[in-house]
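Observations on chain architecture
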Protein chains: 2
Amino acid sequence: MASLAPSPDAPNPALEAQAAILARPATEERRMADAIRALAIDAVEKAKSGHPGMPMGMADAATTLFTRFLKFDAADPRWPDRDRFVLSAGHGSMLLYALLHLTGHAGMGIEELQRFRQLHSPAAGHPEFGEHPGIETTTGPLGQGIANGVGMALAERLLAARFGKSLVDHRTWVICGDGCLQEGISHEAASLAGHLQLEKLCILYDDNNITIDGDTGLSFTDDTLRRFQAYGWAVRRVDGHDAAEVEAALTWATRSRKPTLIACRTIIGFSAPTKAGTAGSHGSPLGPKEAEAAKSAMGWNHPPFEVPEGIRERWNAAGRRGAGTRRAWLKRLAKHPMQAEFERAMAGKLPESWHEPLAELRAKLAEEKPKLATRVSSQKALEALVPAVPEMVGGSADLTGSNNTNVKGVPSVVRGNFAGRYIHWGVREHGMAAAMNGMALHGGIIPYSGTFLVFADYMRPAIRLAALMRQRVIHVLTHDSIGLGEDGPTHQPVETLAGLRCIPNLVVFRPGDAMETAECWELAVKRADGPTVLALSRQNLAAFRADAGENRCARGGYVVEEASGPRRATLIATGSEVGVALAARAALEAEGIAVAVVSLPSWELFAAQDASYQAQVLGDGLRVGIEAAIGFGWERWLGSDGLFIGMHGFGASAPAEELFRHFGITPEAVAAAVKKRLG
Amino acid sequence: MASLAPSPDAPNPALEAQAAILARPATEERRMADAIRALAIDAVEKAKSGHPGMPMGMADAATTLFTRFLKFDAADPRWPDRDRFVLSAGHGSMLLYALLHLTGHAGMGIEELQRFRQLHSPAAGHPEFGEHPGIETTTGPLGQGIANGVGMALAERLLAARFGKSLVDHRTWVICGDGCLQEGISHEAASLAGHLQLEKLCILYDDNNITIDGDTGLSFTDDTLRRFQAYGWAVRRVDGHDAAEVEAALTWATRSRKPTLIACRTIIGFSAPTKAGTAGSHGSPLGPKEAEAAKSAMGWNHPPFEVPEGIRERWNAAGRRGAGTRRAWLKRLAKHPMQAEFERAMAGKLPESWHEPLAELRAKLAEEKPKLATRVSSQKALEALVPAVPEMVGGSADLTGSNNTNVKGVPSVVRGNFAGRYIHWGVREHGMAAAMNGMALHGGIIPYSGTFLVFADYMRPAIRLAALMRQRVIHVLTHDSIGLGEDGPTHQPVETLAGLRCIPNLVVFRPGDAMETAECWELAVKRADGPTVLALSRQNLAAFRADAGENRCARGGYVVEEASGPRRATLIATGSEVGVALAARAALEAEGIAVAVVSLPSWELFAAQDASYQAQVLGDGLRVGIEAAIGFGWERWLGSDGLFIGMHGFGASAPAEELFRHFGITPEAVAAAVKKRLG
């Protein structure tokens, strides 16, 4: 038995259905949808690349959504109380661009569509956050948009609980395809949304039976509606090309007390005379002949990129539909007792005296020099931060007690009550990270998470997108080395720090004591233009910092202890290994070998310092890197002649102290290696 | 409203249920299960760390499985036709170790249990493949075991189709918990298993309502049975402490024509008088008092680690249960016409003349020097390999046409017919990679995948486990740079190569032309002790190799073109940038600057060469790294004074050639930078 992929000569049942739909009387709404289809066809043809099939299939449902339901005002695409629209099936980007264009958004004129997928065009291959204010999130990696939408819907509930319904009362709409629903992240996000009953979230599922490899029957036979019912969602199926059915379903969704999934049966590449209903319309231009014929089948007799004035005017009117609602909202905001606070939070500005409790904590730490695991120090920092920064919302992927991410007195977010500020994400790391992206994108929230550092791998696609979108999302990742002990190599990160450090725009901190942890938290919260990881120890670490003045972590690396004379070596360490370095230094100095110790909590911040500061910190002598992780990337700081003491492979299951001995990451081993090298 | 976590004073409803169960007459099976519970309690107490709750809760169901259903023979834990047992909830490792111990497996004596979680003990914190032959896979990162089980069940079907039922006819049993089912990977794997109707796969779900944060109600309200029905599974719920109910369900599972999920309602930490039914029994020792009381509640009056002879003998008999079946199988094998082929495939040895077609291909490539995308060159290598290596089974996560992973004439694997050798994994990268681990662990299969390089992030937790377990799993990852063009930064890997290169035991290849691609494929297939990634271009690349003798990629890096005189610079490149380097060299040599070009397709293999070879290849002059990726890690080869030409952040959406110009990765830019540096 050969592949299930239909042979080129197989009859295409979609064509018959398409003919029946095209034979229906062309309503005004159909003509508006045809404009989307025509623009998608034209832009993909001109770019000679792109995905026409999805915009052509979903144009009808999207038209109903944008003309009758979506709350927005094209004059101010960042209006805080707008409905959020997420195109999770980001490859269908021309659907979004056509909608932004037709509804009259500035910055998405016909010339932008004509430069679809060209350098510096806001109409990039996939929707890129930041390229146009009407793009709510970057999508393309499948499934992410669903979880972004869950985060946005959750943010809406949290902010409505905080500021009231008169300021925050909007919906989140997501369009996704089969691919999004096959991804595991869709399970995590949808399960959580069902659990929390995020009733103002609606997913329109482009149920077209086609993926890149061909018919979904090749790999996919889920009963998706039943699956979402199992999550506690309300579900419905409609003909996605029937405006009345779609409208009825969207109305139903707005009345639901559960999140809703509307499966829209559509024909991919709708109107294309031979490629409709096939994978052939998914990811490449239709070709001039098929493009022409598709337009002709729609009765669309206009030159490329031309939209008749009547249709354009109706679309423009749809874009102004929310203007009155927005004006009324602005009036309410102007009179609202929390106006300033709302505007501050939504602008991503921190409260004026947010860092005062943290300064008090730092003063106390300088005095007490407590020996604490940095995960516990992190909790102390959170105790200072969370009451002072009301937009901080924490959580953990079912490791609250291990990650120390909760703060006493902060209530959990539960179904029906969103006044809490702590989220039990469940064992859903990927969904958590991507929903946090949605919360940050929504605005008004600074989300922070918790899980084990090694499980950064589970969140990686979402961390990458946070970095790409430059969102303030903070990940508290504990148990950051073999120091976690008995749980063994599956739970011991060794390559994880390197794996995160190589992601552009991500800042990774690995603080070495309580003071550094407080400093890193300060920097993380202040960092408005990108995500931050805090890698924290399970095991207790002695304090080495007694100065509470300057935030020394802000430069990424600094001299903790200078050598007693001209440096023969510099021990450069992070996190728990700063203590190892200090003990090794003491032993070496006792033997008359002048050695300095450098703490390097953030490679990214240190790399941003000028060369002279870097040279001064790293020193001229032998450079020794010490980190209970593999040495990948350390050559940058150690030079060709440096020495690295750390891991050279995966860890093992044993008590932590025994592991440090076993793998040779001890003061004795460091001192011996330095002496041997110095000769 | 505060956290849903029950207050310490809240009544614990599990205790009443527990009392009722304990009041039932103690059957022989219950006493056998008590032995598991006692050993789990003792080992965790002695190690002062571990997870007693799960083994205590699932001991009864596991006893029924191991004494009446699981086909195995403790005398030969690697018997190829054994049932596979996967403890997906790997934190409950003492369940597995106790079972291996009690059924009389060599190498898991009482002394090993007494060294639970200690250095060099096979009884590691989580089950580690390779530590004991009875451990089928490494589990702990949640959800992976479910997907491993799907891969094993799929491997069984494929091998049964190839070798017949008389040699291959076994089941796969998985025990998982709530955490596994919350993970997204469970969705991907279960959806695929339902699609393919892997009827010999059975999951026993430890449905205990408890996760680390507390009651599952904090974060989890899925109707899991309904969810699995939506995937096409048969489902059932039983009292996990009732042997008769469990037995009936397991019998039902063996007769099902669909994969089965049996939700076992259990009490976590069963028998513990106060901690049963609470998160308190999940992840830490019960404490001496509670441990004592738990044993007393079971009526277990034996010293720690002591199992009464009668119980031990009954367990040992269970361990010998399959001996006759195994002997009969061995007789069938001895008479089977495919005996040698079966043994060869299961031993992971390649067919004798497997590389001959590849040698022919390489000779042809040397002659023709075709200009091809390396993804297309990869397909040519597969055309040589797949017919010659019958255990190779390919697939793609819905990108077959883009990854070029299929070979003409190779049928797809479809429901009801497993004679194919190509799997349409659907948009399920993570499930694919973890199922492939299961296929490799099963033996008899060399799985290779396809997706875009950037989506290695989605597979990363499974790739890590393949590396940790040293499994021969090959990932074909195409579209390996900004060279993919218009799809933009979401689809353009920039940090992905570094992110993979830092994983221990993983070999990453980035070949630069058709010849190198064939060589890398040869090395990947030969590599029996670890996973391999092939990073391949979307765009066409000119051939630079015309020699088909030595496999030059085997050393990881080599001089492609030597300088015309003493080297002033060495241009070190990988993949598509080798061509850039060669063009830059030509320009520089034309100006009288002696420059060599080095191709570095695998950092890992090059790092394994001796220092003198490395020095000879990299040269003494200026070293210039050229790679359309960020430079993280390149200092290792370039030294402190090297120059890196590549990416410094995320990519952009535009035609590929324009992007290379935009980001300055062109022969002209390289030549200019070299000249500037040389002064």
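Computed from a predicted model, the values in this text were never measured in an experiment. (Residues numbered from 1 in each chain as written. Chains lettered and ligands numbered in written order. Predicted model: local features only at pLDDT ≥ 70, side-chain atom pairs only at ≥ 80, totals over all residues. Heavy atoms only, no water.)

A few words on the confidence of the model for chain A. Residue and element names in this part refer to chain A. Taken as a whole, chain A shows an average pLDDT of 96; of its residues, 99% reach a score of 70 or greater. In the model, residues 1-6 has pLDDT below 50 throughout and makes 13 contacts with residues more than four positions away in sequence or in other chains. For this predicted complex, the interface score ipTM comes out at 0.97, alongside a pTM of 0.98. (pLDDT = per-residue confidence, 0-100. Contact = heavy atoms within 4.5 Å.)

Residues and elements named next belong to chain B. Look at helix α21 (residues 514-526): 19 Å from first C-alpha to last across 13 residues, which is about the 18 Å you get at 1.5 Å a residue. Burial within α21 is extensive, with 12 of its 13 residues counted as buried. Taken together, the buried positions of α21 are occupied by Ala 514, Met 515, Glu 516, Thr 517, Ala 518, Glu 519, Cys 520, Trp 521, Glu 522, Leu 523, Ala 524 and Val 525. (Helix = DSSP H or I, 4+ residues; strand = E, 2+ residues; numbered from the N terminus. Expected span 1.5 Å × (residues − 1). Buried < 20%, exposed > 50% of the residue type's maximum accessible area, 1.4 Å probe, protein only.)

Residues and elements named next belong to chain A. A rise of 1.5 Å per residue sets the reference length of helix α8 (residues 184-196), with its 13 residues, at 18 Å; its end C-alpha atoms lie 19 Å apart and thus fit the reference within 8%. Where burial is concerned, most of α8 is hidden: 13 out of the 13 residues are buried. Downstream of α8 by one or two residues, Gln 197 has phi in the positive range, about 50 degrees.

Here we come to the pairing of strand β7 (residues 260-265) of chain B. All names here are of chain B. In terms of residue burial, β7 counts as a mostly covered element, since 5 of its 6 residues are buried. Note that strand β3 (residues 201-207) and β7 share 6 bridges and pair parallel. Bridging from a neighbouring strand, Asp 207 pairs with Arg 265 of β7. Pairing of strand β6 (residues 234-239) with β7 involves 6 bridges; the strand directions are parallel. (Pairing = 2+ DSSP bridges.)

The subject of this paragraph is the interface of chain A and chain B. The interface is formed by 107 residues belonging to chain A together with 107 residues belonging to chain B. Around 8700 Å² of area is buried between chain A and chain B when both sides are counted, 56% of it from carbon and sulfur atoms. At the boundary of chain A with chain B, the tally comes to 6 salt bridges. Counting every contact that joins chain A to chain B gives 54 residue pairs in polar contact (both at pLDDT 80 or more). Looking at which element gives the most residues to the side of chain A that touches chain B, the answer is helix α19 (residues 456-469) of chain A, with 8 residues. Residue classes in the side of chain A that touches chain B are distributed as 42 nonpolar, 42 polar and 23 charged. (Buried area = accessible area lost by both parts, 1.4 Å probe. Salt bridge = Lys/Arg side-chain N within 4 Å of Asp/Glu carboxyl O. Polar contact = N/O pair within 3.5 Å; in protein donor to acceptor, adjacent residues only side chain to side chain. Nonpolar A, V, L, I, M, F, W, Y, C, P; charged D, E, K, R; others polar.)

Right, let's get into the UniProt feature "binding site: thiamine diphosphate" (unreviewed entry) in chain A. Under the UniProt annotation, "binding site: thiamine diphosphate" (unreviewed entry) lies at A:His91, A:Gly140, A:Pro141, A:Leu142, A:Gly179, A:Asn208, A:His282 and A:Phe455. These annotated residues cover 365 residues of sequence, and their C-alpha atoms sit far apart, with the largest distance between any two at 34.3 Å. Tracing the sequence through the fold places A:Pro141 in the loop between α5 (110-114) and α6 (144-163). A:Pro141 gets classed as buried once you look at its relative accessible area, which sits at 6%. Inspection of the secondary structure puts A:Leu142 in the loop between α5 and α6. With a relative accessible area of 17%, A:Leu142 lands in the buried category. A:Leu142 has contacts with A:Ser88, A:His91, A:Gly179, A:Cys180, A:Glu183, A:Ile185, B:Val427 and B:Tyr458, leaving out every residue within four places of it along the chain. (UniProt positions renumbered as here; feature names shortened; annotations may be inferred.)

With that settled, consider the UniProt feature "active site" (unreviewed entry) in chain A. Within this structure's numbering, the places UniProt gives as "active site" (unreviewed entry) are A:Glu429. Within the element layout of this structure, A:Glu429 appears in helix α18 (residues 429-442). In contact with A:Glu429, other than residues within four places in its own chain, are A:Glu188, A:Ala397, A:Thr451, A:Phe455, A:Tyr458, A:Met459 and B:Glu183.

Our next topic: the packing of helix α2 (residues 28-47) of chain A against helix α4 (residues 93-102) of chain A. All names here are of chain A. The N-to-C vectors of α2 and α4 enclose an angle of 120 degrees; their axes lie 9 Å apart at closest approach. With respect to their mutual orientation, α2 and α4 come out oblique. As for the relative orientation of α2 and α4, their crossing is right-handed in sense. Packed against α2, whose contacting residues are Ala 35, Ile 36, Leu 39, Ala 40, Ala 43 and Val 44, the element α4 presents Met 94, Leu 95, Ala 98, Leu 99, His 101 and Leu 102 at the interface. A per-class count over the contact of α2 with α4 returns 11 nonpolar, 1 polar and no charged. (Axes fitted to C-alpha atoms, helices over the stretch in contact; angles between N-to-C directions. Parallel < 35°, antiparallel > 145°, perpendicular 65-115°, else oblique. Left-handed = near helix turned anticlockwise from the far one by under 90°.)

Our next topic: the packing of aromatic side chains. A full pass over the atoms with the stated rule returns 37 aromatic pairs over all chains. Above the face of the A:Trp603 ring, A:Arg501 is positioned so that its terminal group lies 3.9 Å from the ring centre. (Phe/Tyr/Trp six-rings, centres within 6.5 Å; stacked < 30°, edge-to-face > 60°. Lys NZ or Arg CZ within 6 Å of the ring centre and 35° of its normal.)

A separate point is the packing of helix α3 (residues 53-69) of chain B against helix α10 (residues 243-255) of chain B. All names here are of chain B. The interhelical angle for the contact between α3 and α10, taken along N-to-C directions, is 55 degrees, at an axis separation of 9 Å. Regarding the angle of α3 to α10, the classification is oblique. For the pair α3 and α10, the sense of crossing is right-handed. Residues Ala 61, Thr 64, Leu 65, Arg 68 and Phe 69 of α3 form the contact with α10, whose own contacting residues are Ala 243, Val 246, Glu 247, Leu 250, Thr 251 and Thr 254. For the contact of α3 with α10, the class distribution of residues is 6 nonpolar, 3 polar and 2 charged.

Time to look at the relation of the copies chain A and chain B. Its rotation angle being 180 degrees, the transformation that places chain A on chain B also includes 0.0 Å of axial translation and leaves an RMSD of 0.0 Å. Such values leave the two copies arranged in the relation of a two-fold axis. Distance from the rotation axis, computed per C-alpha, reaches its smallest value in chain A at A:Gly184: 1.8 Å. In this assembly the copies share their binding face: 100% of the residues contributing to the interface of chain A also contribute to that of chain B. (Least-squares fit on C-alpha atoms with pLDDT ≥ 70 in both.)

So, on to the pattern of salt bridges. One side chain can pair with another of opposite charge once the charged atoms of both are near each other. Under the definition given, this model contains 79 salt bridges over all chains. Of the charged contacts, one joins A:Arg314 and A:Glu28 as a salt bridge, the two residues approaching to 3.5 Å between their closest N and O atoms. On the criterion of sequence distance, the pair formed by A:Arg314 in helix α12 (residues 309-320) and A:Glu28 in helix α2 is long-range, its members being 286 residues apart. Here A:Arg314 falls in the partly exposed class, since its relative accessible area comes to 31%. Linking B:Asp457 and A:Arg460 is a salt bridge whose minimum nitrogen-to-oxygen distance equals 3.0 Å. Of this pair, B:Asp457 sits in helix α19 (residues 456-469) while A:Arg460 sits in helix α19, placing the two residues on different chains.

In this section: the side chain of B:Gln118. Within the secondary structure layout, B:Gln118 lies in the loop between α5 (110-114) and α6 (144-163). Polar side-chain contacts of B:Gln118 include one of 3.1 Å to the backbone oxygen of B:Phe116. The contacts of B:Gln118, once residues within four sequence positions are left out, are A:Ser653, A:Ala654, A:Pro655, A:Glu658 and B:Ala47.

Moving on, we come to the domain arrangement of chain A. Each domain of chain A was delimited in the assignment, giving domain 1 (51-328), domain 2 (368-542) and domain 3 (555-678). Of note, the centres of domain 1 of chain A and domain 3 of chain A, computed from C-alpha atoms alone, are 52 Å apart. (Domains from an automatic or database assignment.)

Our next topic: the side chain of A:Lys295. All names here are of chain A. Of note, Lys 295 is situated in helix α11 (residues 288-298). At a separation of 2.5 Å, a polar atom in the side chain of Lys 295 contacts the side chain of Asp 42. Excluding anything up to four places from it in sequence, Lys 295 contacts Ala 38, Ile 41, Asp 42, Trp 300, His 302 and Pro 304.

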